[in-house]
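As a plain string of letters, each chain reads:
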Amino acid sequence: MINLVHESVGEDKCSYLDDAKQNTHYKIIKDCSLLDCESLIERGWRRFGTMFFRPVCVECTACESFKIDVRNYQFSKSQRRILRKNKDTKIVIQRPQVTFEHLKLFEKYHLHMKDKRDWKYEQTDARHYYTSFVSGYGDFGYEILYYIEDELVGVDLVDILPHGISSIYFYYNPSFEKQSLGTFSMLQQIQIAQDNDLEWIYMGYYVKGCQSLAYKSRYTPYHILQGRPPDTLEPSWVAT
């Protein structure tokens, strides 16, 4: 049984569309199990720390839960070039943690995105980072670290579930932008899933018209979740 500590619905400015509001359903879950986490992710929920959330906007369905079909995925020529370009990048997979190195890189990335994409910038600290990306990882949460010449250049936070990988958040050193680290991290997730006979990469929400999410449609084939199924109903995903 899920150990639900708190549940609420809140309204705020939409994260994806200008001049829009969003209603979000939140659940704070203590000691979430592997199977319960996968069940929630399959139904369109996302996890940050111990908090699970999904949009419940009544008049808007722009947020579409999105997952890559790993078993039928084939790398394109450009993606293979990116893999070759990063062949000397060192990769470490471990449980999530917060260090000075993490915080420094996180800060550098978000200052860059503030200038590049006009993201709202708020300085983070160890407590906030821990709450968002370290707590609640249970027996499924991991971070994939990327090093170039012993320098940490990317951190990819994921949940590795029985049937797929849930992609939570990725940040990188913008000084290495020519390495296409964002694409490289996604290709690594796909390779890890293929090597472990997993079916899916859960990529969160795809929103047409949102520049920050446009890249997701390049990872084909993919499936889109139909509606917002409750726990009592089996989710229906449609190939696109």
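Since the model is a prediction, treat every value here as computed from it, not as a measurement.

Student: Help me understand a positive patch on the surface in this model?
Tutor: On the surface, Lys 77, Arg 80, Arg 81 and Arg 84 cluster together into a patch of positive charge. Tracing the sequence through the fold places Lys 77 in helix α2 (residues 77–85). Assessed through its relative accessible area of 62%, Lys 77 is described here as exposed.

Student: How should I be thinking about a negative patch on the surface in this particular structure?
Tutor: The grouping of Glu 101, Glu 149, Asp 150 and Glu 151 at the surface amounts to a negative patch. Looking at the element boundaries, Glu 151 is found in strand β8 (residues 151–160). Residue Glu 151 is classed as partly exposed on the basis of its relative accessible area of 36%.

Student: Hey, could you run me through the environment of Glu 101 in this one?
Tutor: Of note, Glu 101 is situated in helix α3 (residues 100–117). Owing to a relative accessible area of 38%, Glu 101 belongs among the partly exposed residues under this scheme. Distance in space between the C-alpha atoms of Glu 101 and Val 153 is 9.8 Å, their sequence separation being 52 residues. Setting aside anything within four residues of it in sequence, one finds Glu 101 in contact with Tyr 147 and Leu 152.

Student: How should I be thinking about helix α1 (residues 34–42) in this particular structure?
Tutor: Three or four residues apart is the spacing at which side chains of an α-helix point the same way, because the helix has 3.6 residues per turn. All of the buried residues along α1 are Cys 37, Glu 38, Leu 40, Ile 41 and Glu 42. Of the residues one or two after α1, Gly 44 is the one with positive phi, at around 90°.

Student: Would you mind showing me how to read the nonpolar core here?
Tutor: Nonpolar side chains in soluble globular proteins generally cluster together in the buried interior. Ile 68, Tyr 129, Tyr 171 and Ile 201 are the most contacted members of the largest nonpolar core, which has 45 residues in total. Broken down by element, this core gets its largest block of residues, seven residues, from helix α5 (residues 181–195). Apart from residues lying up to four places away in sequence, Ile 201 is in contact with Phe 66, Lys 67, Ile 68, Val 70, Ile 165, Met 186, Gln 189, Ile 190 and Ala 193. Counting 13 residues, the second largest nonpolar core, distinct from the first, contains Cys 32, Phe 140, Trp 200 and Leu 225.

So, how was this worked out
- Throughout this description, residue numbers start from 1 for each chain and increase along the sequence as written.
- Per-residue local features are limited, in this predicted model, to residues with pLDDT of at least 70; the limit for side-chain atom pairs, both in listing and counting, is 80 or more; totals at the level of whole chains, interfaces and linings are taken over all residues.
- Neither water nor hydrogens contribute to the side-chain values; these are computed over all heavy atoms in the structure.
- Patch construction takes residues with relative accessible area above 30% that form no salt bridge. Like charges are linked within 9 Å, and nonpolar side chains (Val, Leu, Ile, Met, Phe, Trp, Tyr) are linked within 5 Å.
- Where accessible areas are quoted, they stem from the Shrake-Rupley method and a 1.4 Å probe; at the residue level, only the protein chains shown are allowed to cover.
- The term salt bridge refers to a side-chain nitrogen of Lys or Arg lying within 4 Å of a carboxyl oxygen of Asp or Glu.
- For the charge count, each Lys or Arg is scored as positive and each Asp or Glu as negative, with His and the chain ends excluded.
- Every charge is mapped to an atom, namely NZ of Lys, CZ of Arg, CG of Asp or CD of Glu.
- A run of H or I in DSSP becomes a helix once it reaches four residues, and a run of E becomes a strand once it reaches two; helices and strands are each numbered from the N terminus.
- Note on exposure labels: buried denotes an accessible area under 20% of the residue type's maximum, exposed denotes more than 50%, and partly exposed covers the range between, all computed with a 1.4 Å probe on protein chains only.
- Pairs of residues are marked as contacts when any of their non-hydrogen atoms sit within 4.5 Å.
- Definition of nonpolar core: a set of buried residues of the types Ala, Val, Leu, Ile, Met, Phe, Trp, Tyr and Cys, connected through side-chain atoms within 4.5 Å.

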